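Each chain, written out:
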Amino acid sequence: MLYRETGQFKTSYKKDMAIFPIRQDRWALVAILIFVVVVVPLLATEHVIAGYLIPLLIWSIAAIGLNILTGYTGQLSLGHGAFMAVGAYAAYNLASRIPELPIILVFLLAGLIAAIFGVLVGSPSLRIKGFYLAVATLAAQFFVEWAFATFPWFVGGAASMVIDTPKMTIFGYHITSTLDNYYLILGFVVAGTLFAKNLVRSQIGRAWMAIRDMDVAAEVIGIQPLYTKLSAFAVSSFYGGVAGALYAFCYVKSVDFTAFDLFVSLKVLFMIIIGGMGSILGCFLGATFIVALPIILNEIAHLFAGRIPSALLSNIEHMIFGGLIIFFLIVEPHGLARLWMTTKEKLRLWPFPH
Amino acid sequence: MHVELAFFIEVLVAGLLSGVMYSLVALGFVLIFKASGVFNFAQGAMVLFAALTFVRILEMGVNFWLAVAIALAVMIVLAIIIERVMLRPLVAQPVIILFMATIGLNYFLEGLAQGIWDSQVHGLDIGIPDVPWMWLLESTNILISLFDVWSAVICGVLVLFLAFFFQKGRIGRALRAVADDNQAAMSVGIPLQLIWAIVWATAGMVALVAGMIWGQRLGVQFSISLIALKALPVLILGGFNSIAGAIIGGLIIGASEKVAEVYLGPIIGGGIESWVAYFIAMLFLIARPQGLFGEKIIERV
């Protein structure tokens, strides 16, 4: 009853092209925005924001990036952690070597540098496909880890290879508190989501999907595979780079190559698969799932703390995590976003489905 | 013999032999990919699981061969469970879903292996001495470990056995039919589930052999599961669906990795072996996108 579009007519082309054509969706979006901007900071404790919400938002950005590459363009990548690392290190070097650069610009430039790196990594994608490409992106992953672990230049010569990020200032305002960081990230999330949502329904987005569905066929109808694939790599690693920079500056507050290892790449891949490939909403759902799952498992584990040795407990956590992933893939291989779509279809007809 | 040349040969042969050990892990991947098109990320965890099971049974004081038999039985049961619980419901899903499921399996097996047994480092001695090959050292002044030679021999025997297994007999034919087109195979009455269970069990067996050999080399511990990452460049170099490719790929990767580490490493900073293999594999791939021995990818529109 509540979710029914009866009577909402599209009377102009503009209305037909709207991102959210259904009025209830728009209301829900406004409600969510008000919730995250006003209500969350009022209600949530500092611990919840710093420990759960900030990583959740950052992972969402990273997941959007990977979803553009893997979900929309069909190029499997196991190197997303490398793009994030490049973003983080680029942001650190830009911010510390050119202190007069505005911090927002630093993040965007870091994303740009990651994008250039992404194009380099993606350049073999024209010849190498499928799992071969996935393993090839692993090369980037290991190379980046090695480079940042070996050359002290990247961290300004620090011997420990780990260094704190410089202070952030926007128009003379120092970003110090958790809440400041939260709003900064939120700004990036909102802008990034809007941009991505528009991008995937534009000409380039449709070209990506054509390449995903069958690249030879797409080429036949006049889509340039090189340009399309590389643009997907560029946009994807741009998001990855921004996410990495935010992760280093706003979450862990230090630049550390171990924070972007292969398991980070796999984690982001999990997010988009569980959330839903080829869905922007899915990125958020997947990120929520993957961020929340270890926390919930941890809470449950606390109940048993003392009775079961901690080493066994962490192994059981591993098993449950792996088991749940498999369970999810069996139950809903198209991800949480598909679940939401089915719910939506049902809601449209509810309570009279016939 | 000239000292520098002898040193080069030593590095080269050591590389070739360690390459054989990578091939051993890569073989497990190839078997499963060939028969079911699944890229099994959990192969490393299977190696860990097999090796831990074996070493713990051995530590209970069980006879060596009996321990091998028990570990083998465990791997077969594991394969049947994996087929029943994970693969059967995921039949006809896109390959990336199956790939992700094996990553989940990877987490699960790592937790299971260390949860049942433990996460200490276990020394393992499978009875092959890790000493220099004296005859070769005396005659040509080249230092090569006898252990490496033996593991190469074991690997060779295993490959011959697998090649025979895949070529001959009812099961071999069924395996190849399933590898070719599993729907067509099913329609002529080949029991797909049984074949998959057999393939996973075979991969489990290969994992056990790899686990035993690597276990003596590194000690049985968590890091043994990471050698799977070493096997991936071997895999893409050789081609995902070629047993011979896994061997040749392993030899090329092993040799070039060692040579690069010794001669190139000091120039651009050490530790390059984590990525140099991937780079070599990628260079090969650009020339031949399906790997050296992989089946040609034919695209129909």
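Residues numbered from 1 in each chain as written. Chains lettered and ligands numbered in written order. Predicted model: local features only at pLDDT ≥ 70, side-chain atom pairs only at ≥ 80, totals over all residues.

### A look at the overall build of chain B
Of regular secondary structure, chain B possesses twelve helices and zero strands. Helices and strands appear in chain B in the N-to-C order α-α-α-α-α-α-α-α-α-α-α-α. Here the C-alpha atoms of chain B give a radius of gyration of 20 Å, agreeing with the 19 Å that 2.2 N^0.38 yields for 301 residues. Over its C-alpha atoms, taken along the principal directions, chain B stretches across nearly 65 × 55 × 35 Å. Taking the intrachain contacts of chain B between residues at least 6 apart in sequence as the baseline, contacts between residues at least 24 apart amount to 74%. (Helix = DSSP H or I, 4+ residues; strand = E, 2+ residues; numbered from the N terminus. Rg over C-alpha atoms; globule rule 2.2 N^0.38 Å. Contact = placed C-beta atoms within 7 Å.)

### Comments concerning the overall build of chain A
Scanning chain A for helices and strands turns up 14 helices and four strands. On C-alpha atoms alone, chain A measures out to a radius of gyration of 21 Å, which is about the 20 Å that the 2.2 N^0.38 rule sets for 354 residues. Its C-alpha atoms give chain A principal-axis dimensions of about 70 × 60 × 45 Å. Counting the 354 residues in chain A, one finds 42% classified as buried. (Buried ≥ 20, exposed ≤ 12 C-beta atoms within 10 Å, placed from the backbone.)

### Some words on the nonpolar core
Membership of the largest hydrophobic core comes to 208 residues, with the highest contact counts inside it found for Ile61(A), Ala88(A), Ala91(A), Leu246(A), Val47(B) and Leu235(B). Counting residues per element, this core draws most heavily on helix α9 (residues 192–218) of chain B, at 18 residues. Setting aside anything within four residues of it in sequence, one finds Ile61(A) in contact with Phe188(A), Val189(A), Gly192(A), Tyr239(A), Val242(A), Ala243(A) and Leu246(A). (Core = buried A, V, L, I, M, F, W, Y, C linked by C-beta atoms within 7 Å.)

### Structural notes on the interface of chain A and chain B
Residue-level contacts link 35 residues of chain A with 38 residues of chain B. Elements with a minimum of two residues in the side of chain A that touches chain B: α6 (130–150), α9 (215–220), α11 (262–275) and α13 (310–331) of chain A. In terms of residues, the side of chain A that touches chain B owes the most to one element, α13(A), which gives 13 residues.

### Details of the packing of helix α7 (residues 169–180) of chain B against α9(B)
Residues and elements named next belong to chain B. Direction vectors running N to C along α7 and α9 enclose 100°, while the axes themselves pass 10 Å from each other. Taken together, the axis directions place α7 and α9 in an arrangement best described as roughly perpendicular. Between α7 and α9, the residues in contact are Ile171, Ala174, Leu175 and Val178 and Leu192, Ile195, Ile198 and Val199, respectively. In terms of residue class, the contact of α7 with α9 is built from eight nonpolar, no polar and no charged. (Axes fitted to C-alpha atoms, helices over the stretch in contact; angles between N-to-C directions. Parallel < 35°, antiparallel > 145°, perpendicular 65-115°, else oblique. Nonpolar A, V, L, I, M, F, W, Y, C, P; charged D, E, K, R; others polar.)

### Here's the deal with the packing of helix α6 (residues 146–167) of chain B against α9(B)
When two helices pack together, their arrangement is given by the angle between the helix axes and the distance between those axes. Residues and elements named next belong to chain B. Running from N to C, α6 and α9 cross one another at 175°; their axes reach a closest spacing of 11 Å. On the basis of their axis angle, the class for α6 and α9 is roughly antiparallel. Here Ser151, Ile154 and Leu158 of α6 come into contact with α9, specifically with Val206, Val209 and Ile213. Grouping the constituent residues of the contact of α6 with α9 by class yields five nonpolar, one polar and no charged.

### Thoughts on unusual backbone geometry
Phi is positive for Lys253(A), which is not a glycine, with a value near 60°. Mapped onto the elements, Lys253(A) comes out in the loop between α10 (225–252) and β4 (254–255).

### A word on the environment of Gly51(A)
In this fold, Gly51(A) is placed in helix α3 (residues 46–72). A sequence separation of 221 residues divides Gly51(A) from Ile272(A), and the C-alpha atoms of the two residues are 21 Å apart.

### Re helix α12 (residues 276–287) of chain B
When the terminal C-alpha atoms of α12(B) are compared, their 17 Å separation across twelve residues agrees well with the 16 Å that a helix rising 1.5 Å per residue should span. Along α12(B), the positions that sit buried rather than exposed are Val276(B), Ala277(B), Tyr278(B), Ile280(B), Ala281(B), Met282(B) and Leu285(B). Next to the buried residues of α12(B) lie α6 of chain A together with α10 (227–238) and α11 (243–268) of chain B. (Expected span 1.5 Å × (residues − 1).)

### Some thoughts on α6(A)
Taking 1.5 Å per residue, 21 residues should reach 30 Å; α6(A) reaches 31 Å between its end C-alpha atoms and fits that length. Burial analysis of α6(A) places 16 of its 21 residues in the buried class, which makes it a mostly covered element.

### Looking at the environment of Gly278(A)
Residues and elements named next belong to chain A. Here Gly278 lies in the loop between α11 and α12 (280–304). For Gly278, a count of 20 C-beta atoms within 10 Å puts it in the buried group. Distance from Gly278 to Thr73, taken between C-alpha atoms, is 8.6 Å for residues 205 residues apart in sequence. Beyond its immediate stretch of four places on either side in the chain, Gly278 contacts Gly71 and Tyr72.

### Remarks on the confidence of the model for chain B
The share of residues in chain B with pLDDT of 70 or more is 96%, and the mean pLDDT across the chain is 83. Our summary of model confidence lists the complex with pTM equal to 0.88 and ipTM equal to 0.82. (pLDDT = per-residue confidence, 0-100.)

### With respect to the environment of Phe9(A)
Residues and elements named next belong to chain A. As for its position among the elements, Phe9 is in the segment before α1 (13–16). Accessibility expressed as a C-beta count within 10 Å gives 8 for Phe9, which makes it exposed. Once the C-alpha coordinates of Phe9 and Ala110 are considered, the two residues, 101 residues apart in sequence, prove to be 44 Å apart.

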